[in-house]
Amino acid sequence: MANIRQFYALNTSDKNFSMLDDEQKALVEGGFKVAKQYMAERMKDSKKDLFAAINDTTIDSRKELNDMVVEKIAKYSAKRAGGINVENFALADVANPNVHNDLIFKRTFAAVLAQIMTPVVPAMISTSFMDFADVANIGWGDTARFKVNSNDTFFVTRLAEGILHGSVQRTYNNEITVNPEPYNIMTAVDWYQVAAGMFDLGEFVYKVGISYNAYITQMVIQAIGANITANAGTSYIVNGFATSTFVKLAEILRAANGGAKIRAYGTLAALSNVIPSGTTNANLQMGLGEEWARVGHLGTFMDVDLVRIPQILLPNTVNTTPLTGIPDSTIYLFADGGYKPVKLVFEGSALTTDIVPTEAPDKEMGISLTLRMGTTFIAASKYGAITGVSA
């Protein structure tokens, strides 16, 4: 819970936040509340721990707060533009082309949006990868550096009498660097929706965050998948689920990671197959049926906690033929306390915005959202995988 809260806390001591004037700070804090509360409401039933961590009980009506914050952002943008009467400014005034076409108005509106999204988007990504990714933020133009110590142990040699010593044993560490690259989303803000009070700031920020989250999840799974393919047939990568296979793999991983606790990760479809196998275990299957039917998978199996990874759909397939991004036939096993296999790096203040022309320049503002990030996969601590899992 504490880890989740730290990701969803607005860092008011951040250099970029400190450079804002008092009015901008109030707008960013208000917008951050709106976005966070929108996500809390979406997670109320499905992710109760996350909901409890980020829910703001002081907010009576998210809709009222959303409308108030959006109006304040619009009014502040109009004031910065100059030449616009803001004394009796109302949200409906945004529909006026003389207002929303003003370049300074648009740039100010976009800049405040970026400040609101900056802490939220990485938080959404970070909480998804807490268990198997190290997340770092570096300055503009910097390179992330990760030191990886050797996981080898030493041979103990029985010396014969009169022998001074055995051979010198050395362990070799490694250093990994990650250089972030730009990843972009182009979208638009419809001024008529803003003017009509229909622009949901929380939903807008959430969609940007969940889109980046899905993309990064796909990158991570593909990196792990490539490593699994390259090491297929080894003791750590096995094909087909069976109780004996699962237990043996978990024991090997415990030993390879200094006795650390092992957790198994997978989609619901994959984890649902983790039940006692074989005809001799038929009675055990019936005894576990209530939990399996209620949750969809067992909570713990053979001293290994099972952790569900939410499935993602690839972009532009939601309304056609849904294509999933995480294989339903693979279970991943990682050790607690070891080197996390994924290194995820954000550069700078996370999100930058640019205003871009659109096909309807008279009523919408095209926004180019760029996130500089980098990721790599490092199997420094031994991990395992079971492929070909099926009912």
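Residues numbered from 1 in each chain as written. Predicted model: local features only at pLDDT ≥ 70, side-chain atom pairs only at ≥ 80, totals over all residues. Heavy atoms only, no water.

This part is about the overall build of the protein. Within the protein one finds 13 helices and 12 strands. At a minimum sequence separation of 6, the contacts of the protein that also span at least 24 residues come to 76%. Looking at the protein as shown, the accessible area adds up to about 20600 Å², and 50% of this sits on carbon and sulfur atoms. (Helix = DSSP H or I, 4+ residues; strand = E, 2+ residues; numbered from the N terminus. Contact = heavy atoms within 4.5 Å. Areas by Shrake-Rupley, 256 points an atom, 1.4 Å probe, with all protein chains shown as cover.)

Looking at the secondary structure, you find isoleucine 355 in strand E10 (residues 342-356). According to the relative accessible area criterion, isoleucine 355 is partly exposed, its value standing at 22%. In sequence terms isoleucine 355 and arginine 107 are 248 residues apart; their C-alpha atoms lie 7.2 Å from each other. (Buried < 20%, exposed > 50% of the residue type's maximum accessible area, 1.4 Å probe, protein only.)

All told, the structure shown has 12 salt bridges when counted by the stated rule. Across the salt bridge formed by aspartate 303 and arginine 254, the nearest N and O atoms sit 3.6 Å from each other. Here arginine 254 lies in helix H10 (residues 243-256) and aspartate 303 lies in the loop between strand E7 (300-301) and strand E8 (304-308), a separation of 49 residues in the sequence. Residue arginine 254 is classed as buried on the basis of its relative accessible area of 14%. Three or more residues are tied together by salt bridges with common partners; here these are Glu251, Arg254, Lys261, Arg263, Asp303, Asp305 and Asp336. (Salt bridge = Lys/Arg side-chain N within 4 Å of Asp/Glu carboxyl O.)

The six strands lie next to each other as E5-E12-E9-E6-E8-E7, forming an open sheet whose pairing is mixed. Each having just a single partner strand, strand E5 (237-239) and E7 make up the two edges of the open sheet. Note: strand E9 (residues 331-335) against strand E12 (residues 384-387), three bridges, orientation antiparallel. Bridging from a neighbouring strand, tyrosine 332 pairs with alanine 385 of E12. Against the sheet, helix H9 (residues 201-230) contacts E5, E9 and E12, and its axis sits at roughly 90 degrees relative to E9. Strand contacts of H10: E5, strand E6 (262-266), E7, E8, E9 and E12, with the helix running at about 165 degrees to E12, the strand carrying the most contacts. (Pairing = 2+ DSSP bridges. Axes fitted to C-alpha atoms, helices over the stretch in contact; angles between N-to-C directions.)

This part is about the environment of valine 194. Looking at the element boundaries, valine 194 is found in helix H8 (residues 191-195). Overall, the relative accessible area of 0% leaves valine 194 in the buried class. Spatially, the C-alpha atoms of valine 194 and alanine 74 are 8.8 Å apart, while their sequence positions differ by 120 residues. When residues no more than four places from it in sequence are discounted, the contact partners of valine 194 are Val70, Leu91, Val94, Val189 and Phe199.

Checked against the element boundaries, alanine 35 lands in helix H3 (residues 22-42). The class for alanine 35 is buried, based on a relative accessible area of 0%. Considered as a pair, alanine 35 and leucine 201 are 166 residues apart in the sequence and their alpha carbons are 6.6 Å apart. Other than its neighbours up to four places away in sequence, alanine 35 contacts Val120, Gly202 and Val205.

Another point: unusual backbone geometry. For aspartate 303, which is not glycine, the phi torsion reads 65 degrees and is therefore positive. Although it is not a glycine, asparagine 316 sits at a positive phi angle of roughly 65 degrees. Take asparagine 316: its relative accessible area is 76%, and that puts it in the exposed class.

Moving on, we get to the packing of H3 against H9. Remark: H3 packs on H9, axes separated minimally by 8 Å, with the N-to-C direction vectors making an angle of 75 degrees. In terms of their interaxial angle, H3 and H9 are classed as roughly perpendicular. From H3, Gly31, Val34, Ala35, Tyr38, Met39 and Arg42 reach across to H9, where they touch Leu201, Gly202, Glu203, Val205 and Tyr206. (Parallel < 35°, antiparallel > 145°, perpendicular 65-115°, else oblique.)

Glancing now at the nonpolar core. Counting residues in hydrophobic clusters, the biggest one holds 68 residues, and the most contacted among them are Val94, Phe109, Met117, Val189 and Leu201. If you tally residues by element for this core, the top one is H9, at 13 residues. If we ignore the near neighbours within four places in the chain, the residues touching phenylalanine 109 are Ile73, Ala74, Ser77, Val189, Trp191 and Met365. Formed by 21 residues, the second largest nonpolar core is a distinct cluster that contains Val238, Ala250, Ala264 and Val304. (Core = buried A, V, L, I, M, F, W, Y, C linked by side-chain atoms within 4.5 Å.)

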